[in-house]
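Per-entry structural report
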Amino acid sequence: SGNVGIGDTSPATKLEITDANGVGLRFGDIASTPSSQTAGYIGMSTSAYSGNNGDLVLIPRTSSTSNILLMEGNVGIGTTSVDQHLHVEGSGTQAIKVETTSDDYAIMQYKTSTSSLWQSFASPSNDYRIGINGVGDALTIDSSFNVGIGTTDPQAPLHARNGSSGVSSYTA
């Protein structure tokens, strides 16, 4: 078959490296989502899998605890001059998308070594919020584009609330 196995006498891909428990890596063409529960895959995809022949595909072993980790260095997408942990570059509008496939929050978090954990997120109720994790939301923009400062339920185009006194101020 032309396949090579290290620790595997019947490799299914061009190169398979496995331990005694069958845990390891497989290298080769990926035409569909692998069914193995024990091996991660690194390969070039066929158009049937990702829509583009030659896409580099990294698939961790298929379980809910699987991760793809880069322990050191930076990741560049569309650039060879990577100068940040994540550097995305291209012509035209560029975006980083955080999407949940369930009725839950999509969150971006920001923290320095001395700051609180700030986060911005889209909520299941179609609000956009900015706040401090575990403390509360500082700013809310609802689906009607009302802006709430200190409240998650703005009742006017601008609704500010002083959390400690409970006093609300509205500006229409």
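Criteria and cut-off values
Along each chain, residues carry numbers from 1 onward, in the same order as the chain's sequence is written. A pLDDT threshold of at least 70 governs which residues receive local features in this predicted model, and a stricter bar of 80 or more applies before side-chain atom pairs are shown or counted, although totals over entire chains, interfaces and linings include all residues. Excluded from the side-chain calculations are hydrogens and water; all other atoms, namely the structure's heavy atoms, are used. Put simply, DSSP H or I for four residues or longer makes a helix, DSSP E for two residues or longer makes a strand, and each gets a number counted from the N terminus. We call a residue buried when its accessible area falls under 20% of the maximum for its residue type, exposed when it is over 50%, and partly exposed in between, using a 1.4 Å probe and counting protein chains only. Two residues qualify as a contact provided that any one of their heavy atoms is within 4.5 Å of a heavy atom in the partner residue. Note on areas: Shrake-Rupley with a 1.4 Å probe; residue coverage comes only from the protein chains shown. Any carboxyl oxygen of Asp or Glu that lies within 4 Å of a side-chain nitrogen of Lys or Arg is treated as forming a salt bridge with it. Classification of ring pairs uses Phe, Tyr and Trp, with its six-membered ring standing for Trp, and accepts pairs whose centres are within 6.5 Å; under 30 degrees between planes counts as stacked, over 60 as edge-to-face, and the remaining range as tilted.

Counting its regular elements, the protein chain contains one helix and 14 strands. In the protein chain, buried positions account for 22% of the 172 residues. Sequence separation of at least 24 residues holds for 4% of the intrachain contacts in the protein chain that already meet a minimum separation of 6. Looking at the protein chain as shown, the accessible area adds up to about 11700 Å², and 53% of this sits on carbon and sulfur atoms.

Glancing now at the environment of Thr-100. On the secondary structure map, Thr-100 appears in the loop between strand 7 (86–88) and strand 8 (106–110). On the basis of relative accessible area, Thr-100 is assigned to the partly exposed category, the value being 28%.

Looking now at the pattern of salt bridges. The final tally for this structure, using the stated rule, is three salt bridges. Among the salt bridges present, the one from Asp-127 reaches Arg-129, with a minimum N-O distance of 3.2 Å. On the accessibility criterion, Arg-129 (12% relative accessible area) is buried. Salt-bridge contacts for Asp-137 lead to Arg-129; the nearest nitrogen and oxygen are separated by 3.2 Å. Bridged by salt links that share partners, the residues Asp-127, Arg-129 and Asp-137 form one connected network.

Moving on: the packing of aromatic side chains. In the structure shown here, the tally under the stated rule is one aromatic pair. Geometrically, the ring pair formed by Tyr-105 and Phe-121 is edge-to-face, given 5.2 Å between the ring centres and 80° between the ring planes. Note that Tyr-105 is positioned in the loop between strand 7 and strand 8 and Phe-121 in strand 9 (residues 118–122), a separation of 16 residues in sequence. Judged by its relative accessible area of 6%, Phe-121 is buried.

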